[in-house]
Amino acid sequence: MTDIPFVDHWYNVVPDLPGRPPEPRNSEGGDELRLIAQITPKGLSYLGLSRRRHHAIPDEVRQRYTDFGRPTPLTNAARLAAYLETPARIYFKREDVIPSGSFKINTALAQAWAARQEGYDGLVTETGAGQWGLALSVASAVFGLRCRVYMARCSYGQKSTRRQLMELHGADVIASPSQTTEVGRRLGAGEPDPPGSIGTAISEAVEFARDHPSFAYAAGSNVSYVYVHQSVIGIETARQLRALGEAPDVAVTCVGGGSNFAGFVLPLVYGDDAFEPRPVMFACESRTIPRLTEGQYRYDHADPGGLTPLVKSYSLGQSFQPPATHVGGLRQHNGSPIIGLIHSQGLIRARAYSEEEVFEAGRLLARLEGIFPAPESCHCVCGVIDAAREAAERREACVIVGCISGAGALDMAGYQAHPGRRDGLVQSSNGVLV
Ligand SMILES: *Cc1c(COP(=O)(O)O)cnc(C)c1O
């Protein structure tokens with residue numbers, strides 16, 4: 001790791017994009033845009049609509065970023081490169097070292113700070129696997145706010161440790177679809193134990209915020225102010241690479257709602273910290289939710305209840321029911337206008353990976369580098385491995401940079417479901433102990 005000056009601003013990519021992201025819209029006869037504006041802290045709405053490139057990080061948020069481990073390290077994965085017999089140099093940005101377990105804290109702290117500034121008592125949100133809910137619970141505790149989390153029912157059972165952690169930080173966690181909202185009762189009707197998704201939880205959180213004005217709605221991904229907050233990851237990475245004298249040829253990460261991708265990859269490609277020539281943007285998704293590789297570019301709601309505005313992006317359809325996988329953080333049927341715009345211009349290389357492949361890649365990273373990635377982050381490891389193998393075929397000493405968006409410690413169930421080899425370390429065919 002190299003010392004870099006503390007990042008004091010967020011970067012808004014919108015003015016530098018190759019076109020204007022399509023505006024969100026109301027559905028016919030609907031008033032979703034006004035509803036979202038009504039339940040979102042004004043400062044965040046403003047940031048989401050801004051056309052300014054740079055926004056100063058408020059002092060109190062900067063202080064909390066430091067408390068929670070920023071800047072995070074950039075690790076040179078030399079043993080992985082040796083194992084893959086690639087001339088490429090591989091780096092990983094390490095959001096997994098954050099004590100609350102993932103990069104989501106970057107926007108959680110900023111949103112909780114904004115809500116407290118504007119006099120709200122609490123925050124309500126949705127969560128899939130629980131990383132976002134946990135980050136918001138922690139940030140709410142830090143800024144003295146209540147926190148209410150609607151958690152996809154299938155994850156509520158699967159990820160009970162993370163639920164207990166949220167509760168430990170003082171959050172109320174409710175399995176979605178639930179009986180506590182009208183939309184939850186509607187979406188859960190007719191099934192004894194509906195698995196739910198991030199989508200059903202969004203519908204419920206939005207309805208709760210609408211009916212409880214002392215609570216603001218907090219969004220974990222997808223929306224542009226979250227992308228702005230997450231830019232701190234990419235700006236730090238750009239500075240760390242420059243301090244090492246490196247320029248990335250490929251920037252890889254996983255994509256669900258796209259905030260990790262936008263925060264990590266886009267500042268390496270656009271704006272003041274970007275590299276020339278532009279690195280290839282590589283997005284890795286789950287084969288069970290293949291939005292970018294198989295979805296359609298069209299307007300759709302982000303939630304099956306239809307409470308959120310229509311946004312144009314790659315979608316599998318509002319009624320797409322994601323299977324109950326171990327990659328809860330990627331289980332959503334649509335994405336954001338920013339990622340949609342860039343992908344529609346053919347600027348993103350996208351690939352989908354199976355659960356089998358991703359846990360195998362995670363295990364490899366654990367053995368070779370001592371890094372234990374979250375299931376979502378394992379998708380990035382798959383993409384990095386693909387890019388490194390291609391570099392080996394071309395005999396090209398390129399630089400590949402990936403982002404480990406979170407830690408795997410609370411996701412042992414996924415690793416256990418795909419156990420792989422259990423014996424100790426063995427010598428690979430090229431002599432690397434793995
Ligand atoms: C939420 C999450 C993701 C996915 O982020 P998006 O912004 O939805 O693309 C990836 N990794 C981890 C660890 C997460 O918590």
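Here, every reference points to the structure presented above.
Here's a quick rundown of the structure. If you're wondering where the values come from, they're calculated on a predicted model, not measured in any experiment. (Residues numbered from 1 in each chain as written. Predicted model: local features only at pLDDT ≥ 70, side-chain atom pairs only at ≥ 80, totals over all residues. Heavy atoms only, no water.)

## With respect to unusual backbone geometry
Geometrically, the link from Arg 70 to Pro 71 is a cis peptide bond, its omega value of -10° lying close to zero. For Pro 71, the location among the structural elements is in the loop between helix 3 (59–67) and strand 3 (74–76). Going from Glu 276 to Pro 277, the amide bond is cis rather than trans, its omega being -10°. Look at Glu 85: it is not a glycine, yet its phi comes out positive at around 50°. Relative accessible area serves as the criterion here: at 52%, Glu 85 is assigned to the exposed category. Notably, Asn 222 is not glycine yet its phi reads approximately 70°, a positive angle. With respect to the element layout, Asn 222 can be found in the loop between strand 8 (215–217) and helix 11 (224–243). Note on Asn 222: relative accessible area 13%, which makes it buried. (Helix = DSSP H or I, 4+ residues; strand = E, 2+ residues; numbered from the N terminus. Buried < 20%, exposed > 50% of the residue type's maximum accessible area, 1.4 Å probe, protein only.)

## Side note on the nonpolar core
Of all hydrophobic cores here, the largest spans 90 residues; its most connected members are Phe 261 and Leu 266. Among the elements that make up this core, the one with the highest residue count is helix 11 (9 residues). Those residues in contact with Leu 266 that sit more than four places away from it in its chain are Val 13, Phe 261, Met 281, Ile 338 and Ile 342. Membership of the second largest hydrophobic core comes to 34 residues, among which are Ala 77, Phe 282, Val 384 and Val 432. (Core = buried A, V, L, I, M, F, W, Y, C linked by side-chain atoms within 4.5 Å. Contact = heavy atoms within 4.5 Å.)

## Examining the site of the ligand
In the vicinity of the ligand there are 17 residues, among which Lys 104, Ser 221, Gly 256, Ser 259 and Ser 405 approach most closely. Between an oxygen atom of the ligand and a side-chain N or O atom of Lys 104, the distance comes to 2.6 Å. For the ligand, an oxygen atom lies 2.7 Å from a polar atom in the backbone of Gly 258. With the chains in place, 97% of the 380 Å² that the ligand exposes on its own is no longer accessible. Across the shell around the ligand, the residue classes break down as 5 nonpolar, 10 polar and 2 charged. (Near = heavy atom within 4 Å. Polar contact = N/O pair within 3.5 Å; in protein donor to acceptor, adjacent residues only side chain to side chain. Areas by Shrake-Rupley, 256 points an atom, 1.4 Å probe, with all protein chains shown as cover. Nonpolar A, V, L, I, M, F, W, Y, C, P; charged D, E, K, R; others polar.)

## Some thoughts on helix 6 (residues 131–142)
The terminal C-alpha atoms of helix 6, which comprises 12 residues, lie 17 Å apart, in line with the 16 Å expected from a rise of 1.5 Å per residue. The buried fraction of helix 6 amounts to 10 of the 12 residues, a majority that puts the element mostly inside the structure. Next to the buried residues of helix 6 lie helix 5 (105–117), strand 5 (122–127), strand 6 (146–152), helix 8 (160–168) and helix 17 (375–394). Where helix 6 ends, the next residue or the one after it, Gly 144, has phi of about 70°, a positive value. (Expected span 1.5 Å × (residues − 1).)

## Here we look at the packing of aromatic side chains
Summed over all chains, the structure comprises 5 aromatic pairs. Linked through ring pairs, Tyr 150, Phe 208 and Phe 215 together constitute an aromatic cluster. Above the face of the Tyr 299 ring, Arg 25 is positioned so that its terminal group lies 3.9 Å from the ring centre. (Phe/Tyr/Trp six-rings, centres within 6.5 Å; stacked < 30°, edge-to-face > 60°. Lys NZ or Arg CZ within 6 Å of the ring centre and 35° of its normal.)

## Points about the pairing of strand 10 (residues 280–286)
Most of strand 10 sits out of view: 6 of its 7 residues are buried. Bridge analysis of strand 9 (residues 250–254) against strand 10 gives 5 bridges, and the strand direction is parallel. Counterpart to Cys 254 in the pairing with strand 10 is Cys 284. Strand direction decides the pairing type here: strand 10 and strand 13 (residues 348–353), joined by 6 bridges, are parallel. Opposite Glu 285, over in strand 13, you have Ala 352 as the bridge partner. (Pairing = 2+ DSSP bridges.)

## What to know about the pattern of salt bridges
All told, the structure shown has 20 salt bridges when counted by the stated rule. As a salt-bridge pair, Glu 23 and Arg 51 come within 3.8 Å of each other at their nearest N and O atoms. Taken together, the residues Glu 23 in the loop between strand 1 (9–11) and helix 1 (32–39) and Arg 51 in the loop between helix 2 (42–49) and strand 2 (54–56) connect sequence positions 28 residues apart. According to the relative accessible area criterion, Glu 23 is partly exposed, its value standing at 42%. (Salt bridge = Lys/Arg side-chain N within 4 Å of Asp/Glu carboxyl O.)

## Overview of empty space enclosed by the protein
A complete count under the given rule lists 2 cavities of 30 Å³ or more for this structure. Its volume calculated, the largest cavity comes out at about 70 Å³. Considering the residues around the largest cavity, the lining is formed by 13 residues, among which Tyr 11, Val 13, Tyr 227, Val 228 and Ala 262 are closest to the centre. Only helix 11, helix 12 (259–264) and helix 13 (266–269) provide two or more residues apiece to the lining of the largest cavity. Among the elements that make up the lining of the largest cavity, the one with the highest residue count is helix 11 (4 residues). A breakdown of the residues in the lining of the largest cavity according to their chemical character gives 9 nonpolar, 4 polar and no charged. Space inside the second largest cavity adds up to approximately 50 Å³. (1 Å grid on protein atoms, 1.4 Å probe; cavity = no way out; pocket = protein on both sides within 12 Å on 5 of 7 lines; lining within 4 Å. Points joined across faces, edges and corners; volume = space filled by probe spheres on them.)

## A short note on the packing of helix 1 against helix 10 (residues 198–211)
Close contact between helix 1 and helix 10 brings their axes to 9 Å; oriented N to C, the two are set at 70°. Accordingly, the angle class assigned to the pair helix 1 and helix 10 is roughly perpendicular. Read as a crossing pair, helix 1 and helix 10 show a hand that is left-handed. In this structure, helix 1 uses Leu 35, Ile 36, Gln 38 and Ile 39 to contact helix 10, whose residues at the interface are Val 206, Ala 209 and Arg 210. Split by residue class, the contact of helix 1 with helix 10 holds 5 nonpolar, 1 polar and 1 charged. (Axes fitted to C-alpha atoms, helices over the stretch in contact; angles between N-to-C directions. Parallel < 35°, antiparallel > 145°, perpendicular 65-115°, else oblique. Left-handed = near helix turned anticlockwise from the far one by under 90°.)

## Focus on the sheet that holds strand 8
Strand order in the open sheet formed by 4 strands is 7-6-5-8, and the pairing between neighbours is parallel. Strand pairing shows two members of the sheet lacking a second neighbour, strand 7 (172–176) and strand 8, which therefore form its edges. The sheet shows a mean angle of 25° between the axes of neighbouring strands, direction not considered. Note: strand 5 against strand 6, 6 bridges, orientation parallel. Residue pairing in the sheet places Glu 126 in a bridge with Tyr 150 of strand 6. Most of the contacts of helix 10 go to strand 5, to which it runs at about 160°, and overall it touches strand 5, strand 6, strand 7 and strand 8.

The analysis is restricted to geometry; functional conclusions fall outside its scope.
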